[in-house]
Amino acid sequence: MIRLRKPIESLLIVSLAIITLLPLLGIIFSMFNTDVKNLVLDAEVYSAIKGSAITMFGTVAFTIPVSLMCAFCVTHTNIKFQTAFSFFCTLPLFLPPISFGFSLLALFGKNGLLYIAFGVRIPLLGEVGVILGMILYTFPIAFLMFRNAMLGIDGTVYESALILGIPLIKTFFNITIPQIRKTIINVVFLVSCMSLTEYGICLVVGGKIKTISLLIYRQAVGALDFSSGIILCAMLIVPILFMLIFEIAIPQVRRKMVYKKLIVVKNRRCDFFAYIVLSLVSVFFGVIILSFVVMSFSENYPFNPSFTWKNLIQAVSTPYIDYYINSIMIALFVSIFGIALAFGVAYFANRDNRMFVRKMLYFISILSYMFPGLIYGIGYMIIYKGSILYNSYIILIMVNIAHFFASPFLLAYNSLNNMSAEYSDIALLYEIPAKEMLLNVYFPYMKNTFLDMFFYYFDNSMITISAVVFLYTSRTMPYSLMLKNFEGSMEYLSKSSAVSLVILLTNVCVFLLTSLLKRVRIYT
């Protein structure tokens, strides 16, 4: 294990640099011909910075506390249907972000379902609609990270608090929060960057509001001005600076060698509160998805809402079924290789003895949250155009691994952070083979985390548009790009909803499969 440690670490660093840093460096070298001064001083840029800030703070202010409460309710109460509640909390993760804008319009818009049925209408176009859409977009991954972190807390401290008669609310703030403080910081950073870099929701419900990510989209796609797009993207680096300050100021919580699973004691008031919180969140997400499904079976929503199977049949007919197979194949390879790379990098970012190496790996790994998928697509186009990889399945797999690398990395990193480092010390002391450590220690402990990583990679590979829009051919085209190809059609909304429904059902099946696998015990 000692002999293989350095070569494996070097291979991981090189692989990570090739898929994440190299494309970004290619874009940086292409921006020297841009008039940076005039672009930065543009009044539209200042308006976009203001809009991005409002969107970010509004999203963080709701997503963080509510997802934290939901994760606590799922892991620290005796409520029934925990799997079902977890499913509804992650339901928005199954759809392309742009679909949330359509769902909000179908539900709360002028011709929305709630307006037709009850006369309820919310002024969506603007900050309200964008923040609601961003909440739908960011909530699932925040919930997953909080839940995994809470499941990794030693149950002994909760038993001690129970014996001492400490109230549950004090237990939450004095035990749970300190134990997962690093995860909270990671999630705040993650949600901030996700809300800053998503532009699809702004396109649908943004109205007059402007954001940096929306300007990047308009420059790169509308004006084909890639250099201006990357300069605007550089403005999104600010959140990473705050993250690094927190990383230095707040030490990691080290875990004990002995770990005891939490045994939850029945508490009626706590269970009742958990039912209320989880039910409200589940109903909200469920209604949003239901309104979206209604559009899929409408002839031409909202002008002709009569029921039809036409849109769904067309979505799974030739040649679209070939694109669907492409997406399934790409998603599987992305998930397999992405998990291997994310776990390896997270291990050395958490366990390496050199602080510089740990910080470097961590910084490179979370870079993908500073750059929209559109930028990665442009970078890959600049670097690999004319090579054997260009217009191949391999480049689509590479760009998806790079684009979505941060979340699986953080899932693995936080899980390893909750695991005692003494296991690695003992393995080195007794020269236990790496294979034995993986099979008997890391796989059993991190099985649920690996399944969450697999699902996250698979799901996002199925729904992404921006990362692959410059890299596909008619042979390698992913299924999600049909949403873009339907643009301009008279039945755009209904046809796009049908395609998204197929993606939704596929991702739900994968989610249910991973949920069943979580119930399978690994014996060593």
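Scroll up a little and you will see the structure.
Just so you know, the residues in each chain are numbered from 1, in the order the chain's sequence is written. Residue-level local features of this predicted model are given only where pLDDT is at least 70; pairs of side-chain atoms are given and counted only at 80 or more, and the full residue set underlies all totals for whole chains, interfaces and linings. Side-chain metrics rest on all non-hydrogen atoms present in the structure, leaving aside hydrogens and water.

Visitor: Quick rundown of the overall build of the protein? Include the residues and the values.
Guide: Of regular secondary structure, the protein possesses 25 helices and 2 strands. Here the protein holds 524 residues, and 55% of them are scored as buried. The contacts in the protein between residues at least 6 apart in sequence include a share of 83% that link residues at least 24 apart. Helix numbering and strand numbering both begin at the N terminus, where a helix is a DSSP run of H or I of at least 4 residues and a strand a DSSP run of E of at least 2. Burial classes follow relative accessibility: with a 1.4 Å probe on protein chains only, a residue under 20% of its type's maximum area counts as buried, one over 50% as exposed, and anything between as partly exposed. Residue contacts follow a heavy-atom distance rule, with two residues in contact if any of their heavy atoms lie within 4.5 Å.

Visitor: Could you give an account of the nonpolar core, with specific residues and numbers?
Guide: Throughout this description, the term nonpolar core refers to a set of buried Ala, Val, Leu, Ile, Met, Phe, Trp, Tyr and Cys residues connected via side-chain atoms within 4.5 Å. Within the largest apolar cluster, 162 residues are counted, with the highest numbers of intra-cluster contacts made by Cys70, Phe94, Tyr380, Phe405 and Phe409. When sequence neighbours within four positions are dropped, the list of residues in contact with Phe405 reads Leu16, Leu341, Ala342, Val345, Ser365, Ser368 and Tyr457.

Visitor: Report on the environment of Asp352, specifying residues and quantitative values.
Guide: Along the chain, the position of Asp352 falls in the loop between helix H17 (320-351) and helix H18 (355-365). Separated by 343 residues in the primary sequence, Asp352 and Glu9 place their C-alpha atoms 9.4 Å from one another.

Visitor: Can you lay out the pattern of salt bridges for me, pointing to particular residues and giving the numbers?
Guide: Between Lys or Arg on one side and Asp or Glu on the other, a salt bridge is scored when a side-chain nitrogen of the former is within 4 Å of a carboxyl oxygen of the latter. Counted by the stated rule, this structure contains 2 salt bridges. The partner of Arg147 in a salt bridge is Asp452, and the shortest N-O contact between them spans 3.1 Å. Taken as a pair, Arg147 in helix H7 (residues 127-151) and Asp452 in helix H23 (residues 434-463) lie far apart in primary sequence, 305 residues in all. A residue is classified by how much of its surface remains accessible, and Arg147, at 11% relative accessible area, is buried. For Asp452, the salt bridge goes to Lys518, with nearest N and O atoms at 2.7 Å. Here Lys518 lies in helix H25 (residues 492-518) and Asp452 lies in helix H23, a separation of 66 residues in the sequence. By relative accessible area, which is 4% here, Asp452 ends up buried.

Visitor: Outline the environment of Ile166, supporting the account with residue identities and numerical values.
Guide: Summarising the element assignment, Ile166 is placed in the loop between helix H8 (156-163) and helix H9 (168-179). We classify Ile166 as partly exposed; its relative accessible area is 35%. Excluding residues within four positions of it along the chain, Ile166 makes contact with Ala161 and Thr171.

Visitor: Let's hear about unusual backbone geometry: which residues, and what values?
Guide: The residue Phe81 is not glycine, and still its phi comes out positive at about 60°. If you trace the backbone, Phe81 turns up in the loop between helix H3 (43-75) and helix H4 (82-89). Look at Phe81 and you get exposed, because its relative accessible area is 60%. Although it is not a glycine, Asn391 sits at a positive phi angle of roughly 65°.

Visitor: Let's hear about the state of the cysteines: which residues, and what values?
Guide: The term disulfide is used for any two cysteine sulfur atoms that are within 2.5 Å. Inspection of the entire model under this criterion finds 0 disulfides. Left without a disulfide partner, Cys89 is nearest to the cysteine sulfur of Cys70, which lies 4.4 Å away. Since its relative accessible area comes to 0%, Cys89 is described here as buried.

Visitor: Lay out the side chain of Glu198 with the relevant residues and their values.
Guide: Within the element layout of this structure, Glu198 appears in the loop between helix H10 (181-197) and helix H11 (200-205). Side-chain polar atoms of Glu198 contact the backbone nitrogen of Ile201, separated by 3.3 Å. In contact with Glu198, not counting residues within four places along its chain, are Pro97, Met134, Tyr137 and Ser213. Here a polar contact is recorded for every N or O atom pair within 3.5 Å, except that within protein the pair must consist of a potential hydrogen donor and a potential acceptor, and residues adjacent in sequence are included only if both atoms are side-chain atoms.

Visitor: For a nonpolar patch on the surface, give the residues involved together with the corresponding values.
Guide: Patches here: salt-bridge-free residues with over 30% relative accessible area, like charges joined within 9 Å, nonpolar side chains (Val, Leu, Ile, Met, Phe, Trp, Tyr) joined within 5 Å. Only the protein chains shown count as cover for residues, and all accessible areas are computed by the Shrake-Rupley method using a 1.4 Å probe. Together, Val14, Ile18, Leu22, Leu25, Ile28 and Phe29 make up an exposed nonpolar region whose accessible area comes to about 530 Å². Mapped onto the elements of the fold, Val14 is located in helix H1 (residues 2-29).

Visitor: Describe in detail the packing of aromatic side chains, supporting the description with residues and values.
Guide: For any two aromatic rings, the description comes down to two numbers: the centre-to-centre distance and the angle of the planes. Any two of the Phe, Tyr and Trp rings considered here, Trp counted by its six-membered ring, make a pair once their centres fall within 6.5 Å; the pair's planes then place it as stacked at under 30 degrees, edge-to-face at over 60, or tilted in between. Across all of its chains, the model carries 24 aromatic pairs by this definition. Taken together, a centroid distance of 5.6 Å and an interplanar angle of 75° make the contact between Phe87 and Phe88 edge-to-face. For Phe87, a relative accessible area of 16% corresponds to the buried category. Pairwise contacts between aromatic rings join Phe87, Phe88, Phe94, Phe455 and Phe511 into one cluster.

Visitor: Account for the side chain of Thr211, naming residues and giving values.
Guide: Topologically, Thr211 is positioned in the loop between H11 and helix H12 (212-222). On the basis of relative accessible area, Thr211 is assigned to the buried category, the value being 3%. Those residues within four positions of Thr211 in sequence are excluded, and the remaining contacts are Ala48, Gly51, Ser52, Thr55 and Cys202.

Visitor: Give a detailed account of the packing of H7 against helix H21 (residues 406-417), specifying residues and quantitative values.
Guide: Throughout, an axis means a line fitted to C-alpha atoms (over the contacting stretch in the case of helices), and angles, computed between N-to-C directions, take values from 0 to 180 degrees. Close contact between H7 and H21 brings their axes to 9 Å; oriented N to C, the two are set at 15°. With respect to H21, the element H7 is oriented roughly parallel. Note on packing geometry: the crossing formed by H7 with H21 is right-handed. Residues Ile141, Leu144, Met145 and Asn148 of H7 pack against Ser407, Leu410, Leu411 and Asn414 of H21. Amino acids outside the nonpolar list (Ala, Val, Leu, Ile, Met, Phe, Trp, Tyr, Cys, Pro) and the charged list (Asp, Glu, Lys, Arg) are all regarded as polar, and Gly is one of them. Of the residues belonging to the contact of H7 with H21, the class tally is 5 nonpolar, 3 polar and no charged. Note that the term roughly parallel is reserved for angles under 35 degrees, roughly antiparallel for angles over 145, roughly perpendicular for angles of 65 to 115, and oblique for everything else. Rotating anticlockwise by less than a right angle from the far helix to the near helix defines a left-handed crossing, while the corresponding clockwise rotation defines a right-handed one.

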